[in-house]
Structures are given as C-alpha cells and as structure tokens.
Amino acid sequence: MMFAFRSALAAAVFSLCVCENLFAENNDPASAALSKLIDQKIDAANQDSNLTPAPLATDAVIIRRTTLDLAGRIPTVAEVRAYLEDPAPDKRRELVERLLNSPDFAFHQANWFDETLMSENRADDKWLQYLRSAAAEDRPWDQMFREMMVPPTDVAEDDVSQHAKTFLKKRVREPDDMANDTSRLFFGVSINCAQCHDHPLVEDWKQDHYFGFKSFFARTFLTKSDKLAEKFEAEVKFKTTAGEDKQAKMMFLTGDTVDEPKVEKTKEVREAEKKLIQQATKEKDAELPRPDFRPREQLVQVALKPDNQHFLAKSIVNRVWSRFFGHGLVHPLDQMHSENPANHPEILAAATQYLIDNGYHLKPLIREIVLSDAYARSSQWRDEKPPYVDRFAMGQTRVLSPRQYAISLIIATSAASRFPLDMPAEEWAKQRLNLEKQSYSLANELELPTEHFQVSVDEALLFNNSSRIQNDLLRTSNDRLVGQMRSQDSPIEQVTTAFWNVYGREPNPDELAACREYLESRSDRTDAAIQQLVWALITSPELRFNY
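Bear in mind that the values here come from a model prediction, so they are computed numbers and not experimental data. (Residues numbered from 1 in each chain as written. Predicted model: local features only at pLDDT ≥ 70, side-chain atom pairs only at ≥ 80, totals over all residues. Heavy atoms only, no water.)

1. Things to note about the confidence of the model for the protein chain
Averaged over all residues, the pLDDT of the protein chain equals 92, while 93% of them reach at least 70. Counting interchain partners and residues more than four positions distant, the pLDDT-below-50 stretch residues 1-31 has 66 contacts. (pLDDT = per-residue confidence, 0-100. Contact = heavy atoms within 4.5 Å.)

Below is the structure:
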C-alpha cells in the first residue's frame, strides 16, 4: 500500500471537512437543577464581559460528543440516524439517560478512573475489574477512596474489592509516591514542593504538611502474600530549611493532626512485632500483622470529617468538570489552594455541595453537567479570537483517550450492519465487552494525551507501518467497512457510506466530489483505493478529537 501517499490524502480530506437561589426553591437535592445554575452563572459572567457565547451545537455534534463522553466511543450509524430523525423535544435528556444506564458507561467510567489514578502506570485486569464493579453500581467516591486507602483483606478470593489495593501497591516502594499521588489525585493538592521547603508562593503548604501527610504512609508495606499491611511503628523525620531536626506529626492538609496513643511496650513485645513483619515479607503463609493503630485508617477518618471533606469532594468535582469541558474550574487540577482561586467559585461550591448531598455518587453530578447548555455549545467560533477556555463560552476540542480512540476505530471500520439499533440489551452488553477486549492492545500503543497533546512519532508510525491497521481495520471481509464499500457499485454510495461510518454525517459537496474523483481515477485497483480512502478518514483529526 502506498503509505507515503496517505498523509497527503488525509490532509486533503481534512482540509475539506470542516444557584443558590435555585436550590433554595427546591429543597430536594436529588432533583435540584444544578445544570440551570451552571448556565445561569456562566451566562451572567459572560454578559458582564460583553461576551456572546457560541450557539448550541448541532444534533449531529451533540450525539457524537455525548456518546464519546459517556460511552467512550463514537455513536453507531444507526444511533446517529435515529437521533437526527427523532422529533422529540426532550431527546437530548433521553440520550443522556440511555447512555448513563448503558453498559458502555460503566466501561468508560472505569477507564476514566484508571487513566486518572494510574496515568501511564498501567495496571492489571484485576484493577480494572474492581473499577468496573464500582462504576457499574455508581459506588460513592468517598467509599472508593476508603477502599483504596484501606483495602479489605479478609474477603473471598473472588471478591474484586480486594484489588482496590492496586492504587497503593503500584507505589508502595516509595512513601513519597504514595503521599504525593494521594494528595494530588484525591485532594487536588500537589505538596511535593514542600518536601524541601515551605512553599515560596502559597502560604497554605509548609514542610510540616508534606512530612505530616507522608507519615500516614510510612508504615505501609506489601507482604509476601501480596497484601497491603502496616508496620507497628515507623517515624518520619526531616530537617527544616533553618536546620532544625523535627519528627513529623501525622497531619492532614487542613493542619489537623492525629496523635498516636502512647503504648508502653516491653523489649520482648517489640522483638515479636519485628519478627512478625519480617515473616510477612518473606513467607506467603505468614500471619498478617494487625496493629491496633493504623495510620491510613486515621487518614481516611480525618479526611472525611465534616469540616475536611470538601477537599475530597471539590477535587473530584473539579476533575469531572475538566473531563467534560477540557479545563478545570480550578486549573491546573492539582493546584487547588488559596493563591489559585476557582474561575467560577459559585459553581464549584454548588457542585461540591450537590455531590455531598447525593452521597458522593458521581452519576447525578455527571448528568447535571452534561445537560447544561454550557456543555452543549458549539466548538466553532466565528470571530477572529476565541475566548479563553475558562469562560466556557464555547465547546472545547478535546483529544480522545487511547481507549476512546481504539474502540472508535473498531466501530468506524466495521460494517454498519454489525450494530443494528434493535440489538437486544444483553447482546449489546456482550458486544461492548468484546469491543473493550479487542481495543485493549491497540489502546496500549497510543499515548495518553496531556494538556499540550501532539500526535507522537510512535502513533504516526503505527498507522503508517503496522500490519494491524492493514490486516484488521482495513480488512476486506464483509464485516468491515471496506468490505461493505466493495459491495457497492457507485463511488458516490461508497463515499457516503464511509463518511457516515467514520464521522456520522453526510460528506459535503466538496468532500464528495474529491473522494469520488479519487475512487474513479483508481477503478483498476478498487480495493486499494477504498482502503486508502478509509485510512485517510480514520487518521484525520475529525475522528481523533471530540469536538
């Protein structure tokens, strides 16, 4: 296949493509219209700045954006056509409800948890099983935090909740990693700067905070039987920038400290405890150490005290918001402190309270965010200079995660007949699981996007040189898009089929003319021409991004 020609063809194709008051009126937090409050506050702020927001996106964009965000994949051709033809005025709300209650949501939510908590530190399938079980039942976030900090040990072999330990297990060799990542990912606070000195710009974070927070993890170790356990004692000491030697007190981010009860131990008791730890690290059948005082359990208790729980709640609200808007209410996401205030503090406060009132279940929060007009605005800006992202006056173009892209590639290059609209729910659940499995290895070859994403060299080489692309995605069998197009006689029909499958829309006149001319000019090598066209479509930015 003429790979050198592909980049030019892809570029050519792409160039053608173009509350508080509300809450007071309704005391039932489960039915409070957080989405209306979001729009009210954002619209008011934009009006004060004489900024007119972008109009709402088209139905075609809405179903694509929402399906990618809630189901982790592009919509099928049948889903797009049904949505576009549906005259119901509340079809957007019905779409959101259908996706939130689909098996896709649990898969995508689990994948998002994994990418958020593990980043490039890819975990195993048992960890994903734990996350999927939690996502499927919309397990409260504070409960998941507790399970990851204090994983259950006395459970049945097939109880997936034990795999919550993976979060700390992956970091257990370094207490600094456990402390930094727990603070950053659960509380939105990056405190590593305070490891060497009091934060020079942020009054909130002192060395006492860093080493005090690290003290909660200093006793954690992994037993030979692969269980997280804690030693009976361990001290964290540090030297201040003034040269003072100090022993850290267990300290939460608010400055709340935890005092360990003083217990007098004989020399024999200390020797027995030391021997127990040594056996646990060397022998699979050794007794599990069970200290009466467990620092990580103390961390959970102090973090979830009513006066402190806003750290956990605000941080996950901010991360969920950023997931759907491409930018946090506080940004960067791990810089939540007094010197970096929220761009819309009233929305952050209301959404945080909404989450707490709804028992830390994330699904109601997600529903309200996705139903706001702010979420549904077009990503096209007609004026010369678009507004800054923290105004939320337009939709943001966001790169797909590796799993979103991998599953979308499979759907885009499959024959549309594989995904009929009337497929029974049980059958779709099996199909979705298969899609997840099929996409796994491909997703692992794609880079997890960061804020300043650029397509990596590895990804470019993968699409240009990998036999997987040619032999799988571009296969000519009847269950593939290429096979479906081969069965069609008219180039116009072939081009139209390809655009619907990959982009969920009709080709515009220029696109249709260019692609038709391309196919007709290669009538002596039809299969190769069709494969080239599909390759150009699936590697273009229109599929790589959520817009």
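2. Here we look at unusual backbone geometry
The peptide bond linking His331 to Pro332 adopts the cis configuration, its omega dihedral lying at 0°. The topology assignment puts Pro332 in the loop between helix H15 (310-325) and helix H16 (345-357). A positive phi angle, near 55°, is found at Asn50, a position not held by glycine. Assignment of secondary structure puts Asn50 in the loop between helix H3 (34-48) and helix H4 (59-71). (Helix = DSSP H or I, 4+ residues; strand = E, 2+ residues; numbered from the N terminus.)

3. Remarks on helix H13 (residues 267-282)
The end-to-end C-alpha distance of H13, which contains 16 residues, comes to 23 Å, matching closely the 22 Å that a straight helix rising 1.5 Å per residue would cover. Every buried residue of H13 is listed here: Glu273, Leu276, Ile277 and Ala280. Angularly, the buried residues of H13 cover 95° about the axis, an arc narrow enough to put them on a single face. Away from the buried face of H13 by more than 90 degrees, exposed residues Lys267, Glu268, Lys274, Lys275 and Lys282 are located. (Expected span 1.5 Å × (residues − 1). Buried < 20%, exposed > 50% of the residue type's maximum accessible area, 1.4 Å probe, protein only. Arc of directions from axis to C-beta.)

4. Some thoughts on the packing of aromatic side chains
Under the definition given, this model contains 24 aromatic pairs. A centroid spacing of 5.7 Å and a plane angle of 45° characterise the contact between Trp112 and Phe113, whose relative ring orientation is tilted. Comparing Trp112 with Phe113, the two get one shared label, buried. Judged by centre distance (6.3 Å) and plane angle (75°), the ring pair of Phe453 and Phe545 falls under edge-to-face. Here Phe545 lies in strand E8 (residues 545-546) and Phe453 lies in the loop between helix H19 (425-443) and helix H20 (457-465), a separation of 92 residues in the sequence. You can call Phe545 partly exposed: its relative accessible area is 23%. Three or more aromatic residues joined by ring pairs form one cluster here, namely Trp112, Phe113, Trp141, Phe145, Phe167, Phe186, Phe187, Phe213, Phe216, Phe217, Phe252 and Phe311. (Phe/Tyr/Trp six-rings, centres within 6.5 Å; stacked < 30°, edge-to-face > 60°.)

5. Section: the state of the cysteines
Working definition of a disulfide: a covalent bond connecting the sulfur atoms of two cysteines. One pass over the structure, following the stated rule, counts 0 disulfides. Between Cys193, a cysteine without a disulfide, and Cys196, which holds the nearest cysteine sulfur, the sulfur-to-sulfur distance is 7.6 Å. The exposure class assigned to Cys196 is exposed, which follows from its relative accessible area of 56%. (Disulfide = S-S within 2.5 Å.)

6. Focus on the pattern of salt bridges
Across all of its chains, the model carries 41 salt bridges by this definition. Note that Arg171 is salt-bridged to Asp181, the shortest N-O span being 2.7 Å. Pair noted here: Arg171 is in the loop between helix H10 (166-169) and helix H11 (175-187) and Asp181 is in helix H11, with a separation of 10 residues, a long-range link. Take Arg171 and Asp181: they sit in the same class, and that class is buried. Counted as one network, the salt bridges with shared partners bring together Arg73, Glu79, Arg98, Asp104, Arg432 and Glu436. (Salt bridge = Lys/Arg side-chain N within 4 Å of Asp/Glu carboxyl O.)

7. With respect to the nonpolar core
Formed by 102 residues in total, the largest nonpolar core has its most connected members in Trp141, Met149, Phe186, Phe187 and Phe213. No other element matches the 9 residues that H15 contributes to this core. Formed by 42 residues, the second largest nonpolar core is a distinct cluster that contains Phe419, Leu435, Ile469 and Ala529. (Core = buried A, V, L, I, M, F, W, Y, C linked by side-chain atoms within 4.5 Å.)

8. Digging into the environment of Thr539
For Thr539, the location among the structural elements is in the loop between helix H25 (526-538) and helix H26 (541-544). The exposure class of Thr539 is partly exposed, given its relative accessible area of 22%. For Thr539, the side chain forms a polar contact with the main-chain oxygen of Ala536, separated by 3.4 Å. (Polar contact = N/O pair within 3.5 Å; in protein donor to acceptor, adjacent residues only side chain to side chain.)

9. So, the side chain of Thr116
On the secondary structure map, Thr116 appears in helix H7 (residues 103-118). At 2.8 Å, the side chain of Thr116 forms a polar contact with the backbone oxygen of Trp112. The residues touching Thr116, leaving out its near neighbours within four places in the chain, are Leu185 and Arg319.

10. As for the side chain of Thr413
With respect to the helices and strands, the residue Thr413 is situated in the loop between helix H18 (402-412) and H19. Here Thr413 is in contact with Leu473, Arg480, Leu481, Val534 and Ile538, once residues within four sequence places are set aside.

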